[in-house]
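Coordinate inspection notes
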There are 2 protein chains.
Amino acid sequence: MLGQMMNQPLLISSLLTHAERHHGTREIVSRRVEGDIHRYTYRDLGRRARQMANALESLGIATTQRVGTLAWNGYRHMELYYAASGAGMVLHTLNPRLHPDQLVWIADNAGDQAIFFDATFLPLIEATAARYATVKHFVLMGDRSLMPAETRIPNLRCYEDLIDQSPDHYDWPQFDENQASSLCYTSGTTGNPKGVLYSHRSTVLHAYASIAPDALNLSSRDAILPVVPMFHVNAWGLPYAACMVGAKVVFPGAAMDGKSLYDLFEDEGVTVSAGVPTVWQGLLGHTEANSLKFSTMTRTVIGGSACPPAMLKMFEDHYGVQVLHAWGMTEMSPLGTVCTLKGGQEDLSPAEKFAVQSKQGRAIFGVDMKIVDADGKELPWDGKTSGELLVRGPWILDSYFNRHGEDTLRFDAAGLGWFPTGDVSAIDPDGFMQITDRTKDVIKSGGEWISSIDLENIAMGHPAVAMAACIAAKHPKWDERPLLIVMKKPGAEASKEDILAFFDGKIAKWWLPDDVVFVDAIPLGATGKMQKNKLREEFKDYVLPTA
Amino acid sequence: MLGQMMNQPLLISSLLTHAERHHGTREIVSRRVEGDIHRYTYRDLGRRARQMANALESLGIATTQRVGTLAWNGYRHMELYYAASGAGMVLHTLNPRLHPDQLVWIADNAGDQAIFFDATFLPLIEATAARYATVKHFVLMGDRSLMPAETRIPNLRCYEDLIDQSPDHYDWPQFDENQASSLCYTSGTTGNPKGVLYSHRSTVLHAYASIAPDALNLSSRDAILPVVPMFHVNAWGLPYAACMVGAKVVFPGAAMDGKSLYDLFEDEGVTVSAGVPTVWQGLLGHTEANSLKFSTMTRTVIGGSACPPAMLKMFEDHYGVQVLHAWGMTEMSPLGTVCTLKGGQEDLSPAEKFAVQSKQGRAIFGVDMKIVDADGKELPWDGKTSGELLVRGPWILDSYFNRHGEDTLRFDAAGLGWFPTGDVSAIDPDGFMQITDRTKDVIKSGGEWISSIDLENIAMGHPAVAMAACIAAKHPKWDERPLLIVMKKPGAEASKEDILAFFDGKIAKWWLPDDVVFVDAIPLGATGKMQKNKLREEFKDYVLPTA
């Protein structure tokens, strides 16, 4: 017997319709590639998204076919978010920071029918246009003045022409909420990138969960500036959450430097922002150098990688800005945990609160998580025991795009599927999770796990160390033992014994690296992360002195 | 093409599982029928709900069969909420304030298999037990000491015995989220009560929407005291929302007087409460008489009927408690609108804010609303034009229980169904809705609508008037014209002309009642509302002097 409630699918278009009807005059402000500040309202967004939906259909793009974008955070990109998904097509956000070969590979793998791109990326499209297998339309996201006089791009179109030529009446179609809505590729360190295919249902449920007071706490009174790019897991879902609550939105466009961001924060009364630690480094550099404060910002979401403690302290103590430490993955839409205090924790001392806030947080409703040992047995939540982190929930990946058959999930005794995150973490009795390592990086010594990240963080505190990576080296008795690879600061001196002595009292004895190797350079990836897989390859036959 | 996200149904059991895993030590405190204060945790709730689920199955109650409850707000009632719905049965909350005949009729109509009742209602069940057609089990919600020595109730069982006899291992079944979860009857003024059958999906989505910062703003840091009964639209969904966020819950049991409530608020650090205006009248009477303040309460949800302006002012100005004016219906799970300020309204003057807060609020995400004229044409949102209020959303009724064929909804040109609320309201340009009348009470004069409530409110401001009802009287030219029916205060004197003169300058000329009739009494219903349908019947042949 079914309930007798309205059968109303959760569709992305309903977010836009809600914003248009209930928050029609609320502003969306964008710093444009054109250089100026553009402002309009949700009502304008709704009208132009309907025009763009008509335009997409007139280009011959069919239901669930992919529409690629290569664009900064701006109102035209938001229009495409709603026009493509709302019309039943799949929005595919391409990452312009990838190598052109990879970009072409991804667009082909996705089967993109069109690529919409900001003027910034005109050279990139000029260079690659001939190579895409499925793309039929290239559209420059600007007005006539931005169109090149000459181009090798076949049949290049102008975004504003498409809008102008399209009627603004469009009835958003109603369909199964499980239909695909958008696509985002992860760039794994090994193998080809893999696509994560979101649905309307997963997107709307994720938005509901993300606006909750215990998550990002978003309301119509907020002015949200997403620094996190719209090509990176849909800017953590903020373009959807903003419509859900009718918040003001401020888009930074291509200008991500500290001064540009700060000016926008202040000029537009931004109350909440979101981004990775490196962006905030730039912003705080600017505010520090110029003795500036934030006059309207109350909180900022920090994710992507762990927030350095010094940055957390600086935001909270010096600027009075609450840091919302968050954790997620492309495979999770992305939000899994957010670090907000629980009932009973209001009275903790500042130091105790700081310890809580240093963690990645607790599961938002919809996400469940657990840590397991090598045999899949669930481990206790004592804040000490580390295990592989598994998650489940309605906005978490079931299988990768076009790879239905693969065994992506692990099934428990009750038959429920869990996604293995590849992270190693500990969960405390209050449910606060802290990432301690990646499964591929953790060192498995005699069945026990040693966190490579902990050892690296300690080593990098040594005055002579510029960078340190800790990897597993083979050991006949313990299977694996930690090997520390150190790059010294220019001109600095330190012996193996100096480095090892530095660990004294900071870790359990058996965690102490078995050896230290000094190198001239540690390989870094495009995002600035150490490429430990390359180091593992290089040292795969290394013989430890303890072996 | 479907998205490739986990196919995880939205089930009521997932709310409990989340609370147990992520907020296991958070407290649930109840004032018991037994007279004492009982306290335990979400972990205990989870364990006992699993025991009760086993017990329900051992009683032979099958999937989607109805489990009736006749109980106050307390932890055992909450256990049944999760045990029955979680196990796939339908929780049916019976209203003990109804006439015994009506109670029996509703239990029969619902096909209840069991009735669980608080000791308070033992006499009621003793008197009616023989009359239920489908009820096989009667369970007294208490321990052995509360069981009567002698009883006419066939096979009366003890709740705590059922718990004690049942194992605490139970795997919550996974099923279609559209399956029926709970049932609540509306008591219309005419005809038999009608059942509203909620689903797991509607319940969980309603909880998501209700906790949002722009709605009830519920977090794990809250301690919620639902004064609104759990037999009245599931206490406005608070038992579900509480598990979703892991808030502390404080249940008042049967003691709803001002002192008992106040003591509980203070003793348990309650931060937010919810109820109808009459309850707050009692509470404020107690605090005023004893010069008390609230030391932890930050806000209170007021719904069920419009919050009197004086009460709103008293809470906000004198007690510093934010009033969340809300509107909904049993048919809406119940939340439709909540009155929280929007971005840009923070800077309104206190008088302007007060004017906004006097309205019933704006739609929470998921609910859409519109006002229409007699032809179904949508009316403008100008804050002045009144029309019939229609709503739609995933937690809004599609058809009444066991009445699938009836035309409950109205369909628009796009084929979308809307539920006619029976309310007449105006919506301002910011989307704030204000109820101005009931459709059956509004006076249709020459195609234009006159609010009976407005005229009554003005008339009741006259010093000689104790009560006033305004109904439509037939008119040859205008179809309907207002007829004012007045009950004077004892010993007070006023003529028809005095009363009509009192409207001068307060309304448009054409709204002025065509006649005034003085009566000795105006009939009132069980909830204290004027029974205007009886007056309409009495005056159906009344000839207006203007006719």
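Summarised in this report is the structure supplied together with it. (Residues numbered from 1 in each chain as written. Chains lettered and ligands numbered in written order. Predicted model: local features only at pLDDT ≥ 70, side-chain atom pairs only at ≥ 80, totals over all residues. Heavy atoms only, no water.)

A closer look at the pairing of strand β12 (residues 272-275) of chain B
Along a regular strand, successive side chains alternate from one face of the sheet to the other. Residue and element names in this part refer to chain B. We count it as follows: For each residue, the accessible area found with a 1.4 Å probe, counting protein chains only, is set against the maximum for its type, and the residue is called buried under 20%, exposed over 50%, and partly exposed in between. Every helix listed is a DSSP run of H or I at least four residues long, and every strand listed is a run of E at least two residues long, numbered separately from the N terminus. By definition, two strands form a pair when at least two bridges between them are found by DSSP. Consider the strands pointing away from the viewer: the crossover is right-handed when the path from the first strand over the helix to the second runs clockwise.
Side chains V272 and A274 project from β12 onto one buried face, and the interleaved S273 and G275 project onto a second face that is buried too. In terms of strand pairing, strand β10 (residues 223-226) meets β12 through 3 bridges, oriented parallel. Paired with P226 across the two strands is A274, which belongs to β12. Pairing geometry for β12 and strand β13 (residues 299-302), over 4 bridges, is parallel. For G275, the partnering residue across the bridge sits in β13 and is I302. The parallel pair β12 and β13 is bridged by helix α11 (residues 277-289), and the resulting crossover is right-handed.

Notes on the side chain of H137 of chain A
All names here are of chain A. For the record, the criterion: Contacts: residue pairs with any heavy atoms within 4.5 Å of one another.
Examined against the element boundaries, H137 turns out to sit in strand β6 (residues 137-140). On the basis of relative accessible area, H137 is assigned to the buried category, the value being 9%. Those residues within four positions of H137 in sequence are excluded, and the remaining contacts are L59, Q113, A114, I115 and R157.

Here we look at the relation of the copies chain B and chain A
Short version of the rule: Only residues with pLDDT of at least 70 in both copies count here: their C-alpha atoms drive the least-squares fit that superposes the copies.
Between chain B and chain A, which share one sequence, the superposing operator has a rotation angle of 180° and an axial displacement of 0.0 Å; the RMSD is 0.3 Å. Those values place the two copies in the arrangement expected of a two-fold rotation axis. Relative to the rotation axis, the C-alpha of A212 of chain B is the closest in chain B, positioned 2.5 Å from it. Both copies share a contact surface, since 100% of the interface residues of chain B are interface residues in chain A too.

Side note on the sheet that holds strand β8 (residues 180-186) of chain A
Residue and element names in this part refer to chain A. Worth spelling out the cut-off: To define axes, lines are fitted to C-alpha atoms, for helices over the stretch in contact only, and angles between the resulting N-to-C directions are given on a 0 to 180 degree scale.
Strand order in the open sheet made by the 7 strands is β7-β6-β5-β3-β4-β8-β9, with mixed pairing throughout. Looking at the sheet topology across the chains shown, the edges are occupied by β7 (156-158) and β9 (194-199). Across the sheet, the mean angle from the axis of one strand to that of its neighbour is 25°, orientation sign disregarded. When β8 meets β9, the two strands line up antiparallel, connected through 6 bridges. Among the inter-strand pairings, T186 is bridged to a residue of β9, identified as K194. Running over the sheet, helix α3 (residues 75-86) touches β3 (66-70), β4 (90-93), β5 (112-117) and β8 and is turned about 145° from β4.

Observations regarding the sheet that holds β10 of chain B
All names here are of chain B. As summarised here, the arrangement of the 9 strands in space is β2-β1-β11-β10-β12-β13-β14-β15-β16, forming an open sheet in which the pairing is mixed. Unpaired on one side and paired on the other, β2 (37-41) and β16 (362-363) mark the two borders of the sheet. Relative to β2, helix α2 (residues 42-58) is tilted by about 90°, and along the sheet it contacts β1 (27-31), β2 and β11 (248-251). Along the sheet face, helix α12 (residues 309-318) touches β13 and β14 (322-328) and points at about 140° away from the line of β14.

With respect to the packing of aromatic side chains
When we look at a pair of aromatic rings, we describe it by the centre distance and by the angle of the planes. Threshold: Any two rings among Phe, Tyr and Trp, with Trp reduced to its six-membered ring, count as a pair given centres within 6.5 Å; such a pair is stacked if its planes are under 30 degrees apart, edge-to-face if over 60, and tilted if neither. We call a charge positioned above a ring when the Lys NZ or Arg CZ atom is no farther than 6 Å from the ring centre and deviates by at most 35 degrees from the ring normal.
Scanning all chains against the criterion turns up 31 aromatic pairs over all chains. Geometrically, the ring pair formed by F365 of chain A and Y208 of chain B is edge-to-face, given 5.5 Å between the ring centres and 65° between the ring planes. Here F365 of chain A, found in the loop between β16 (362-363) and β17 (368-372), pairs with Y208 of chain B, found in helix α7 (residues 200-211), and the two come from separate chains. On the accessibility criterion, F365 of chain A (10% relative accessible area) is buried. We note K488 of chain B situated over the ring of F518 of chain B; from NZ or CZ to the ring centre the distance is 4.3 Å.

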